[in-house]
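# Overview (structure and organization)
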Amino acid sequence: MATVKRPKKKPEAATAPAAEPSPSARRAYAKLMAVIETAEVTEARGFDEKWEAIDEVRRKHYYVLDEETPSFVAWLKKHVGEPARSARRNLRVSAVASPAEIARYLPSKIDLALAIRDATERKGAKRSPAKAPEGASLDERRPAPIDLAALRYEVVRDKKRARVDLVEVTQQELEALLSERTGSAEKKRRERDEQLSPTVATAKKALVAAGLDEVVLAQHDQLVTIADVRVDQLAALGAVLAKVKPRG
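Now for a description of the structure that goes with this document. (Residues numbered from 1 in each chain as written. Predicted model: local features only at pLDDT ≥ 70, side-chain atom pairs only at ≥ 80, totals over all residues. Heavy atoms only, no water.)

Okay, the overall build of the chain next. On a plain count of helices and strands, the chain comes out with eight helices and four strands. In sequence order, the secondary structure elements of the chain are arranged as α-α-α-α-α-β-β-α-α-β-β-α. Every one of the 248 residues in the chain was classed for burial, and the buried ones make up 29%. Pairs at least 24 apart in sequence give 54% of the contacts found in the chain among residues at least 6 apart. About 17,800 Å² of surface is accessible on the chain, with carbon and sulfur atoms providing 55% of the total. (Helix = DSSP H or I, 4+ residues; strand = E, 2+ residues; numbered from the N terminus. Buried < 20%, exposed > 50% of the residue type's maximum accessible area, 1.4 Å probe, protein only. Contact = heavy atoms within 4.5 Å. Areas by Shrake-Rupley, 256 points an atom, 1.4 Å probe, with all protein chains shown as cover.)

Set out below in structure tokens:
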């Protein structure tokens, strides 16, 4: 049987830009932009609904209903396929931003804005904030609301200072601003990690791989201190440490 060949679709001719766009061209452009913006908000609404549902699974510990996922990190790996760090970002973003804001500012910039806000508040605090209730942490609590439209950042462009909003600021500029506020904390973390023996360093890497990167391991001679462990993380922590073999 002979195969019927379909005629090849001719490529649409590109419309040359007119010197002065006609009113009809402006109306057509406005309609296309409305379609694009609506599609972006619709996509962001799906993102927001998905991560709000995931947040409820986490907060209510529904992940234990799956016998194969005793921890939220294991549930994420099985059902969502997101690394713990990315999931943490998406959960924070969905908690504070509307679909329209997610489409306008993008999740990565919203997350950086939250991190800068939190780092600034910690730096300006006269004393350490009260500890969270047992079993809770900054990761488990929904972040405080933030007015994304009101945010302004001081940046340097072409050797001149500028004050820009969250739309105008670049991700690189936000990362630099965050680094300025967390530099001392990052330096202390690096210094602490440099003191770890090979065995404890291996344990630290295993904790990060298991999504327990917030757990602090500090070593002084042969004494190891473990800090910032939530009650619901104890079982996962024990399972990771039980697999660590001594190294020379």
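Don't stop here, the text continues.
Of all hydrophobic cores here, the largest spans 33 residues; its most connected members are I110, L148, Y153 and L166. Every element with two or more residues in this core is listed here: α1 (23-59), α2 (72-79), α3 (84-96), α4 (99-105), α5 (107-124), β1 (153-157) and α6 (171-194). Among the elements that make up this core, the one with the highest residue count is α5 (six residues). Excluding its chain neighbours within four sequence positions, the residues that come into contact with L148 are A97, E101, Y105, I110 and L166. Among the nonpolar cores identified, the runner-up in size contains ten residues, and L196, L217, V240 and V244 belong to it. (Core = buried A, V, L, I, M, F, W, Y, C linked by side-chain atoms within 4.5 Å.)

What follows deals with the packing of aromatic side chains. In the structure shown here, the tally under the stated rule is three aromatic pairs. Centroid distance F47 to W51: 6.5 Å. Interplanar angle 45°. Geometry classified as tilted. Here W51 and F47 lie together in helix α1, a separation of four residues that amounts to about one turn. What makes W51 buried here is its relative accessible area of 1%. The interplanar angle of 15° and the centroid separation of 6.0 Å between the aromatic rings of F72 and W75 together place this pair among those described as stacked. Of the two residues, F72 and W75 both sit in helix α2, three residues apart, roughly one turn of that helix. As far as the burial class goes, F72 and W75 line up, both buried. Cluster of aromatic residues (ring-pair linked, three or more members): Y63, F72 and W75. (Phe/Tyr/Trp six-rings, centres within 6.5 Å; stacked < 30°, edge-to-face > 60°.)

So, on to the environment of K50. Counting through the fold element by element, K50 comes out in helix α1. With 41 residues separating them along the chain, K50 and L91 place their C-alpha atoms 9.5 Å apart.

Another point: the pairing of strand β4 (residues 223-227). Across five bridges, the pairing between strand β3 (residues 216-220) and β4 is antiparallel. Bridge assignment links Q219 to a residue of β4, and that residue is V224. Between β3 and β4, which follow one another and run antiparallel, lie two residues, and D221 among them has a positive phi close to 60°. (Pairing = 2+ DSSP bridges.)

Another point: unusual backbone geometry. Positive phi outside glycine occurs at H61, with the angle close to 55°. Inspection of the secondary structure puts H61 in the loop between α1 and α2. Even without being glycine, K159 reaches a positive phi, approximately 65°. Along the polypeptide, K159 turns up in the loop between β1 and β2 (160-164).

Buried residues of α2: F72, W75 and L76, and no others. The arc that holds every buried residue of α2, seen down its axis, measures 100°, which confines them to one face. Immediately beyond the C-terminal end of α2, within one or two residues, lies G81, with a positive phi of roughly 75°. (Arc of directions from axis to C-beta.)

All chains considered together, the criterion is met by 13 salt bridges. In this structure, the salt-bridge partner of R142 is E52, at a minimum N-O distance of 3.3 Å. You can see R142 sitting in the loop between α5 and β1 and its partner E52 sitting in helix α1, a full 90 residues away along the chain. Overall, E52 belongs to the partly exposed group, its relative accessible area being 25%. D118 is the partner of R117 in a salt bridge, and the nearest nitrogen-oxygen pair spans 2.9 Å. By sharing partners, the salt bridges in this structure join E52, D55, R58, R59 and R142 into a single network. (Salt bridge = Lys/Arg side-chain N within 4 Å of Asp/Glu carboxyl O.)

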